[in-house]
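# Residue-level structure breakdown
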Amino acid sequence: MLISKGKHRRPSKAVRVATLAGVAGAAVAVPLMGATSASAASVSTWDKVAQCESGGNWSINTGNGYYGGLQFNQSSWAAAGGTQYAPRADQATKGQQIATAEKLLAMQGPGAWSCAGAGNLTSGGPAAGVDTGSSSRGTQHADRSQRQAAPKQQAPKHYAPKQQAPKQQAPKQAAPKPVAPKSIQKGDGEYKVKSGDTLGKIAKEHGVKGGWQKLYNLNKGIVSDANLIYPGQQLHLS
């Protein structure tokens, strides 16, 4: 909406009456007030106006052509110098919106907001003294998007060394015990072989002359191997 109409929102009833009077031929002049410190309001007053205008949402954009907590239309935002902060009011900070609103208040008066009464907004008062900062929300949003777009570098993965399975040693095989054949020659001698006997041991214990060789020769029919005799065999000693 153009400034020449005196309002930054949809015209109020009073404005519509003035427009009709102009159509009937009456000349109506709407002087613009100078932007002075007297045309300002406190932050709490602007908060009340924003609560009525937008529910206190300073970054609202519903797509109806009005933006931010104080619901600027685009022409009023630009005319009051808001574009020095951000392309639209909803992209500016709260302080930047209030600073721009004070300029619009000086230019058009409290009637520029349909919720002026709800916030008790008047033309007189000290400046809000808000911090306008140096960057708009739009710029901050772009910075955040760039930071989010940057790929995260993952720390190199450290793998625990693989533990080798302990080597299993093959079980020691015990020396096979001599197994007596299914059928052995028992013999009919006077000495019966016991477990642990050898021909040499028997010959020594019983004084066989000629030693184990003699004992072996005496029992060749029973013992086929001089190193192998079996318990239970009966050997001749002479």
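Residues numbered from 1 in each chain as written. Predicted model: local features only at pLDDT ≥ 70, side-chain atom pairs only at ≥ 80, totals over all residues. Heavy atoms only, no water.

## Let's talk about unusual backbone geometry
Stated precisely, the cut-off is as follows: The numbering of helices and of strands both runs from the N terminus, where a helix is a DSSP run of H or I of at least 4 residues and a strand a run of E of at least 2. Exposure is judged per residue with a 1.4 Å probe applied to protein chains only, and the accessible area is read against the type maximum: over 50% gives exposed, under 20% gives buried, and values in between give partly exposed.
With a phi close to 55°, Q71 is a non-glycine residue in the positive phi region. Inspection of the secondary structure puts Q71 in the loop between β1 (66–67) and β2 (72–73). For N120, which is not glycine, the phi dihedral falls at a positive 55°. Topologically, N120 is positioned in the loop between α4 (94–108) and α5 (137–149). Its relative accessible area of 60% is what places N120 among the exposed residues.

## Notes on the state of the cysteines
Here is the rule: Pairs of cysteine sulfur atoms within 2.5 Å are identified as disulfides in what follows.
Summed over the entire model, instances satisfying the criterion amount to 1 disulfide. One disulfide in the model links C52 with C115; its S-S distance is 2.1 Å. Negative torsions about the S-S bond denote left-handed disulfides, and the value of about -60° found for C52 with C115 makes this one left-handed. Of this pair, C52 sits in helix α2 (residues 43–54) while C115 sits in the loop between α4 and α5; the two residues are 63 residues apart in sequence, bridging distant segments of the chain.

## A closer look at the nonpolar core
A general trend in soluble globular proteins is that nonpolar side chains are found buried together. We apply this condition: Nonpolar core, defined: a set of buried Ala, Val, Leu, Ile, Met, Phe, Trp, Tyr and Cys residues in which side-chain atoms within 4.5 Å join the residues together. By definition in these notes, contact holds between two residues if any of their heavy atoms fall within 4.5 Å.
In this structure, W46, V49, L70, F72, A101, W113 and L121 are the most contacted members of the largest nonpolar core, which totals 26 residues. Put simply, the parts of the chain that give this core at least two residues each are α2 and α4. Here this core gets 6 residues from one element, more than from any other, and that element is α4. Those residues within four positions of V49 in sequence are excluded, and the remaining contacts are L70, W113, C115, G119 and L121. Residues V193, L199, A203 and I229 belong to the second largest nonpolar core, which totals 12 residues.

## Quick word on the side chain of T100
Position of T100 among the secondary structure elements: in helix α4. Taking relative accessible area as the criterion, T100 reaches 1% and is therefore assigned buried. Aside from chain neighbours lying at most four places away, what touches T100 is F72, W77, A80, G82 and Y85.

## Comments concerning the packing of aromatic side chains
Our working rule: Note on aromatic pairs: the rings of Phe, Tyr and Trp (six-membered ring only in Trp) are paired at centre separations within 6.5 Å, and the planes decide the class, stacked below 30 degrees, edge-to-face beyond 60, tilted for the rest.
On inspection of all chains with the given rule, the structure shows 2 aromatic pairs. Relative to W113, the ring of W46 lies with its centre 5.2 Å away and its plane at 70°, an arrangement referred to as edge-to-face. With W46 in helix α2 and W113 in the loop between α4 and α5, this residue pair connects regions lying 67 residues apart in the sequence. Accessibility classification places W46 together with W113 in one group, the buried group. Taking 5.1 Å as the distance between ring centres and 70° as the angle between the ring planes, the aromatic pair formed by F72 and W77 counts as edge-to-face. Each of the two residues, F72 as well as W77, counts as buried.

## Points about the confidence of the model for the protein
Note the cut-off: Predictor confidence is given residue by residue as pLDDT, running from a minimum of 0 to a maximum of 100.
On average, residues of the protein score 74 in pLDDT, and 64% of them are at 70 or above. Note on residues 1–6: pLDDT under 50 across the span, and 16 contacts to partners over four residues away in sequence or across chains. Counting contacts from residues 10–37, a segment whose pLDDT is below 50, to residues more than four positions away or on other chains yields 24 contacts.

## Overview of the pattern of salt bridges
Defined as follows: Each reported salt bridge corresponds to a side-chain nitrogen of Lys or Arg within 4 Å of a carboxyl oxygen of Asp or Glu.
Under the defined criterion, the tally for this structure stands at 3 salt bridges. With a closest N to O distance of 2.9 Å, K94 and D47 form a salt bridge. You can see K94 sitting in helix α4 and its partner D47 sitting in helix α2, a full 47 residues away along the chain. The exposure class of K94 is partly exposed, given its relative accessible area of 29%. Residue classification places D47 among the partly exposed positions, given a relative accessible area of 29%.

## Section: the side chain of D90
Heads up, the condition is: N or O atoms closer than or at 3.5 Å make up a polar contact, with two conditions inside protein: a donor-capable atom paired with an acceptor-capable one, and, for residues adjacent in sequence, both atoms drawn from side chains.
By the secondary structure assignment, D90 is in the loop between α3 (74–79) and α4. Of note is the side chain of D90, whose polar atom sits 2.9 Å from the side chain of R88.

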